[in-house]
Amino acid sequence: MALRQVRIYGDEKLKKVCRPVQMMTPRTKMLIRDMLDTMYDLNGVGLAAPQVGVLKRIVVIDIGDEHGAYVLINPEILETSGEQTGQEGCLSLPGQAGMVTRPNYVKVKALDEDMNEIVIEGEELLARAICHECDHLEGIMYVEKVEGELFEVTDEPEEDEEA
């Protein structure tokens, strides 16, 4: 397991547009494995390559459902519909969250780790994660879309929640 350092909001690499992946190499496969390890280690739902300092169009997502991890190379959003507003955070801005409106449904075309074309349709959290991570590939962070102010989040349970 190789963990990569996640770039923090304000890092110039997070503002750059990423380059498409032309071919799968052992180095790119290692990057994908490292991204997954890093995302899981930090209890994230998604991670984009620029967040670990690599300007390639690669995202990994795992919303904790039966599908497991999605690896999207050169993702392109084909279709969106509906609307959802909810709390959103980012591994590049730890301890902060904000309310963001995103599509409730997303259809995305990408390449998988074998460079085969795939099409994924997602709703709710998966749609939110796909949009959030694809934004990273364009140098856009969720804070640019926050409605209102950012607020602090903790992992501690609220007093009325069961521990």
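Here the structure is a predicted model, which means the values were calculated and not measured.

Parameters and conventions
- Residues numbered from 1 in each chain as written.
- Predicted model: local features only at pLDDT ≥ 70, side-chain atom pairs only at ≥ 80, totals over all residues.
- Heavy atoms only, no water.
- Helix = DSSP H or I, 4+ residues; strand = E, 2+ residues; numbered from the N terminus.
- Rg over C-alpha atoms; globule rule 2.2 N^0.38 Å.
- Contact = heavy atoms within 4.5 Å.
- Areas by Shrake-Rupley, 256 points an atom, 1.4 Å probe, with all protein chains shown as cover.
- Lys, Arg positive; Asp, Glu negative; His and termini not counted.
- Charge placed at Lys NZ, Arg CZ, Asp CG, Glu CD.
- Buried < 20%, exposed > 50% of the residue type's maximum accessible area, 1.4 Å probe, protein only.
- pLDDT = per-residue confidence, 0-100.
- Expected span 1.5 Å × (residues − 1).
- Polar contact = N/O pair within 3.5 Å; in protein donor to acceptor, adjacent residues only side chain to side chain.
- 1 Å grid on protein atoms, 1.4 Å probe; cavity = no way out; pocket = protein on both sides within 12 Å on 5 of 7 lines; lining within 4 Å.
- Points joined across faces, edges and corners; volume = space filled by probe spheres on them.
- Nonpolar A, V, L, I, M, F, W, Y, C, P; charged D, E, K, R; others polar.
- Pairing = 2+ DSSP bridges.

Would you mind going over the overall build of the chain with me for this structure?
Tallying secondary structure elements over the chain gives 2 helices and 8 strands in all. Mapped in sequence order, the helices and strands of the chain form the string α-β-β-β-β-β-β-β-α-β. Here the C-alpha atoms of the chain give a radius of gyration of 15 Å, agreeing with the 15 Å that 2.2 N^0.38 yields for 163 residues. Over its C-alpha atoms, taken along the principal directions, the chain stretches across nearly 50 × 35 × 30 Å. Of all intrachain contacts in the chain linking residues separated by at least 6 positions in sequence, the fraction that spans at least 24 positions is 66%. Total accessible area on the chain stands at roughly 9,100 Å², and carbon and sulfur atoms take up 46% of it. Computed over 16 positive and 33 negative side-chain charges, the inter-centroid distance for the chain is 14 Å.

Any chance you could explain unusual backbone geometry here in plain terms?
Backbone geometry at Met115 places phi at a positive 65°, although glycine is not the residue there. Classification of Met115 as partly exposed rests on a relative accessible area of 23%. Within the chain, Glu124 stands out as a residue other than glycine whose phi angle is a positive 50°.

Would you mind showing me how to read the confidence of the model for the chain here?
Do not read the fine detail of predicted coordinates wherever pLDDT is low. Summary statistics for the chain give a mean pLDDT of 94 and a share of 94% for residues scoring 70 or more. Low pLDDT, under 50, characterises residues 158-163; the stretch is placed with 1 contact to residues that sit more than four places away or in other chains.

So what exactly am I meant to see when it comes to helix H2 (residues 124-137) here?
An α-helix turns once per 3.6 residues; consequently, residues spaced three or four apart project the same way. With 14 residues, H2 should reach 20 Å at 1.5 Å per residue; the first-to-last C-alpha distance of 21 Å fits that figure. Along H2, 12 of the 14 residues are buried, which leaves the element largely enclosed by surrounding structure. Of the residues trailing H2, Gly139 is marked for its positive phi of about 80°.

Just checking my understanding: could you explain the side chain of Asn74 for this structure?
Locating Asn74 in the fold gives a position in strand S3 (residues 70-81). A distance of 2.8 Å separates a polar atom in the side chain of Asn74 from the backbone nitrogen of Val21. Not counting the four nearest positions on each side in its chain, Asn74 is found in contact with Pro20, Val21, Arg57, Lys109, Ala110 and Leu111.

Help me understand the layout of surface pockets, please; the structure alone is not making it clear to me.
Remark: the empty space left among the atoms is shown by a probe the size of a water molecule rolled over them. Volume-wise, the largest pocket comes out at about 650 Å³. Going through the elements one at a time, strand S4 (84-89), strand S5 (96-102) and H2 are the ones with two or more residues in the lining of the largest pocket. Per-element tally for the lining of the largest pocket: the top contributor is H2, with 6 residues. Considering only residue class, the lining of the largest pocket consists of 10 nonpolar, 11 polar and 4 charged.

Which parts of the structure should I look at to understand the pairing of S5?
For a regular strand, the rule is simple: side chains alternate between the two faces of the sheet. Strand direction decides the pairing type here: S4 and S5, joined by 6 bridges, are antiparallel. Its bridge partner being in S5, Gln84 is matched across the sheet by Arg102. Remark: 6 residues form the turn of the hairpin made by S4 and S5, two consecutive strands paired antiparallel; Gly95 in that turn has positive phi of roughly 80°. Alignment of S5 against strand S8 (residues 147-152), held across 3 bridges, turns out to be antiparallel. Its bridge partner lying in S8, Ala97 is registered against Phe151.

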